[in-house]
Amino acid sequence: MSQDKSLNSGAFGVSGTGDTSGYGGLVRNKVKPGSSERPFGSYFDDVTDELERAFPEFNDAIEKVIVDRDELTLHVKASHLFDTAKKLRDTETLRFEQCMGVSGAHYPEDKNRELHAVYHLLSMTHNRRIRIEVSIPDSNPHLPSLVEVWAGCNWNERETFDMFGIIFDGHPGLTRILMPDDWPGHPQRKDYPLGGIDVEYKGAVIPPPDERRKYQ
Amino acid sequence: MSHDPYASTRETTEGTVYSVTGGDWDSLVTEIGATKEERVVVNMGPQHPSTHGVLRLILELEGETVTETRCGIGYLHTGIEKNCEYRTWTQGVTFVTRMDYLAPLFNEAAYCLGVEKLLGITNDITERASVIRVLMMELNRISSHMVALGTGALELGALSPMIFAFRERELVLDIFEMVSGLRMNMAYIRPGGVAQDLPEGATAKIRATVKELRVNFKDNAKLLIGNTIWLKRTKDIGILDLAGCTTLGVTGPVLRATGMPWDLRKTQPYCGYENYDFDVITADTSDVYGRFLIRMNELEQSLRIIEQACDKLDVLEGQPVMVADKKIAWPSQLALGGDGLGNSLNHIREIMGTSMESLIHHFKLVTEGFRVPAGQVYSAVESPRGELGVHLISDGGTRPYRVHFREPSFNNLQSTAAMCEGSQIADIVGAVASIDPVMGGVDR
């Protein structure tokens, strides 16, 4: 069975667009939100102002500021991620003392910025939330680890490494966390198919559902 | 030790590895006692009655003292986040409800609030739908806390609290069954509202259950609060202070046990929680007992919210439970028949017999789904275990581009090492039980 294992395919023998209705054609217009203009509204102006004041390299570090659906996203350069994170935590007027998690995203069409890491920060002191996003090329997927800033990033970074293959430099033990240690590939990348993995149990091999029978 | 292919002793570079299958403890102890090594690494789980699910703990021991703790997780990884990318936004609910299987409604609520934020329809959700969501979530908080308290006590050797806790949980599950047709994994909360309205007489039945639960909770409390053995097993055990919670991203009862009154229902209200009268329960002991007390007392607060929700629902009788936008609202209203929840016969009659347009509309929306404008959001709810956050990315299509769950169990479980290292091996069980991790949520 020849199958295009690229974006959005491979599920239960589906090839092409995966549009089971036949009506929509499912042509997606990918729109990337641009940078937002001041004033951002809400507490977002305060946060960016305070960060700019506390962080001399602000203009180098922050690529763009996006305010969308009442949420603030700071796009940070990978080289400045660690310093920015530290400033966000330590500056008294910002005080993002909790990192709620690290999430990855894979945009194969975004050349040289294929892999994104997204950090959701919470300030319990000021009751605020922001998001910082970093993009790195697939060819050199390295990011500084933030475990030193927020110890809780430990498992989150391991998960992002496991699922997306982002390597967090300086992590105390960057190993797979959800998948088995000897698993090949990073399952949540877009070029990784859904299904398509043989199940092995005590020497017997059972083919994946999409190869057991032709559903097409 | 006699030769057994599944429980043999072998030499490795790290030392001798002993395997046990149970029943051979005497020979094992003799054998280990003969070695000079003081340090023993014990593998506890993933199949172990006291590790709260398929959690594997790797413990380094010196005598009875734990010097190092590591968690091995991933035994229940189901790839739900990846699967969501291949199904419509509405179908995602069916997946996410199965993550933290003890708090399915919270998974659904967090996910749906995220989808609604992406769609920009947060303010269009009818009040009745929001109140039903709150009602169901608080009922779910009770059933989840009941399992936490019951199994927590069971793991520490107290059998009776578990039996009573599951009796209470059953009452709540009966309500779930009455409302949604299912006791667990009900996919009841949907983007835009809830799957169907409450059946007739539901609020009266819920009020009666609340009354019963309030009496029963007093019995439950008597079993453990002030119980000498329970106090000895939980007081000053598994301590994690506010600084530890903050840096490790720990939320929920573990955080509130440090005295920090952080509850998203109060601090960042959603679903109209600001309109309910309830207290945030805290403790100041930072230990297992404090977390136990918080869960016990949160039950009463949940009952208060449920009563208020019932009052609101009586006033809001007849209001729709789905957004008016027919491009989002699932066309088929479900109906509860004698054989369970299914498609409403009236709807089937309409699409099959009267209206071709309705059939096309139904077909399009059910198979292809609705489009969600591109962008990303993070929405969080206070689940029984802490902050349950969902990070959704849409590329403008009918399916999510990325779904990521910030699971409180996952983040809180990280604190096991901080709580357990330096303590006795028996206290690990109590500490892990007080985190109340649900492995379905941890591994997703």
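These notes cover the structure that comes with them. Worth saying up front: this structure is predicted, and the values here are computed from it rather than measured.

## A few points about helix α3 (residues 81–90) of chain A
- Residues of α3(A) that are buried include every one of A:Leu81, A:Thr84, A:Ala85 and A:Leu88, and no others. Taken down its axis, α3(A) places every buried residue within 100° of arc, on the same side.

## Comments concerning the interface of chain B and chain A
- Residue-level contacts link 55 residues of chain B with 60 residues of chain A.
- Interface of chain B and chain A: buried area, both sides summed, is about 4900 Å²; carbon and sulfur atoms make up 51% of it.
- Its largest share of buried area at the contact with chain A, chain B owes to B:Lys82, B:Tyr86 and B:Tyr401, together 14% of the area lost on that side.
- For the pair chain B and chain A, the number of links is 4 salt bridges.
- When the shortest N-O distance is used, the salt bridge between A:Lys190 and B:Glu85 registers 3.0 Å.
- For the side of chain B that touches chain A, the element with the highest residue contribution is strand β10 (residues 375–383) of chain B, accounting for 5 residues.
- Residues that form the side of chain B that touches chain A fall into these classes: 22 nonpolar, 18 polar and 15 charged.

## Description of the pattern of salt bridges
Residue and element names in this part refer to chain B.
- Tallied over the full model, the rule gives 38 salt bridges over all chains.
- For Glu 81, the salt bridge goes to Arg 402, with nearest N and O atoms at 3.4 Å. Of the two residues, Glu 81 is situated in helix α2 (residues 80–84) and Arg 402 in strand β12 (residues 402–406); the sequence distance between them amounts to 321 residues.
- Judged by its relative accessible area of 3%, Arg 402 is buried.
- Two residues, Arg 371 and Glu 368, come together in a salt bridge whose shortest N-O distance is 3.3 Å.
- What makes Arg 371 partly exposed here is its relative accessible area of 38%.
- When salt bridges with common partners are traced through the structure, they connect Glu 138, Arg 141, Arg 256, Asp 263, Arg 265, Glu 298 and Glu 382 into a single cluster.

## Description of the pairing of strand β5 (residues 128–136) of chain A
Residue and element names in this part refer to chain A.
- The element β5 is largely enclosed, with a buried count of 9 among its 9 residues.
- Both faces of β5 are covered, namely the face carrying Arg 128, Ile 130, Ile 132, Val 134 and Ile 136 and the face carrying Arg 129, Arg 131, Glu 133 and Ser 135.
- Of the strand pairs in this sheet, strand β4 (residues 115–123) and β5 are connected by 9 bridges, and their pairing is antiparallel. Counted as the bridge partner of Val 118 is Glu 133 from β5.
- Between β4 and β5, which pair antiparallel and follow one another directly, the connecting turn spans 4 residues, one of which, Asn 127, has a positive phi of 55°.

## Some remarks on the packing of aromatic side chains
- Per the counting criterion, the structure on display carries 8 aromatic pairs over all chains.
- Pairing B:Tyr270 with B:Tyr273 gives two aromatic rings, centres 5.1 Å apart and planes at 75°, and the pair type is edge-to-face.
- For B:Tyr270, a relative accessible area of 8% translates into the label buried.
- Three or more aromatic residues joined by ring pairs form one cluster here, namely B:Tyr270, B:Tyr273, B:Tyr276 and B:Phe278.
- Lying over the aromatic face of B:Tyr401, A:Lys190 brings its terminal NZ or CZ to 4.0 Å of the ring centre.
- Residue placement shows B:Lys312 over the ring face of B:Tyr276; its charged tip is 4.8 Å from the ring centre.

## Observations concerning the sheet that holds β4(A)
Residue and element names in this part refer to chain A.
- Pairing is mixed in the open sheet, where 5 strands are placed in the order β1-β2-β5-β4-β3. In this open sheet, the two edge strands, each paired with only one partner strand, are β1 (62–68) and β3 (98–106). Taking the axes of each pair of neighbouring strands and ignoring which way they run, one obtains an average angle of 20° across the sheet.
- One ladder, built from 6 bridges, connects β1 with strand β2 (residues 71–76); its direction is antiparallel. Note on β2: the bridge partner recorded for Asp 68 is Glu 71.
- Sitting on the sheet, helix α1 (residues 44–54) is in contact with β1, β2 and β5, with an inclination near 25° to β2.

## Some thoughts on the packing of helix α5 (residues 127–155) of chain B against helix α7 (residues 202–224) of chain B
Residue and element names in this part refer to chain B.
- Two numbers describe how α5 lies on α7: the axes approach to 13 Å, and their chain directions differ by 25°. Taken together, α5 and α7 sit at an angle that is classed as roughly parallel. The two elements α5 and α7 cross, and the hand of that crossing is left-handed. Across the interface between the two elements, Leu 135, Ile 142, Met 146 and Ala 153 from α5 touch Ile 206, Leu 213, Phe 217, Asn 220 and Leu 224 from α7.
- For the contact of α5 with α7, the per-class residue count stands at 8 nonpolar, 1 polar and no charged.

## What about the pairing of β2(A)?
Residue and element names in this part refer to chain A.
- Counting buried positions over the 6 residues of β2 gives 6, a clear majority of the element.
- Between the end of β1 and the start of β2, which pair antiparallel, lie 2 residues, with Arg 69 showing a positive phi angle near 50°.
- In this structure, β2 lies alongside β5, joined through 3 bridges in parallel fashion. Residue pairing across strands places Leu 74 opposite Ile 132, the latter belonging to β5.

Thresholds, definitions, all that
- Residues numbered from 1 in each chain as written.
- Chains lettered and ligands numbered in written order.
- Predicted model: local features only at pLDDT ≥ 70, side-chain atom pairs only at ≥ 80, totals over all residues.
- Heavy atoms only, no water.
- Buried < 20%, exposed > 50% of the residue type's maximum accessible area, 1.4 Å probe, protein only.
- Helix = DSSP H or I, 4+ residues; strand = E, 2+ residues; numbered from the N terminus.
- Arc of directions from axis to C-beta.
- Contact = heavy atoms within 4.5 Å.
- Buried area = accessible area lost by both parts, 1.4 Å probe.
- Salt bridge = Lys/Arg side-chain N within 4 Å of Asp/Glu carboxyl O.
- Nonpolar A, V, L, I, M, F, W, Y, C, P; charged D, E, K, R; others polar.
- Pairing = 2+ DSSP bridges.
- Phe/Tyr/Trp six-rings, centres within 6.5 Å; stacked < 30°, edge-to-face > 60°.
- Lys NZ or Arg CZ within 6 Å of the ring centre and 35° of its normal.
- Axes fitted to C-alpha atoms, helices over the stretch in contact; angles between N-to-C directions.
- Parallel < 35°, antiparallel > 145°, perpendicular 65-115°, else oblique.
- Left-handed = near helix turned anticlockwise from the far one by under 90°.

Keep in mind these numbers describe shape, not what the thing actually does.
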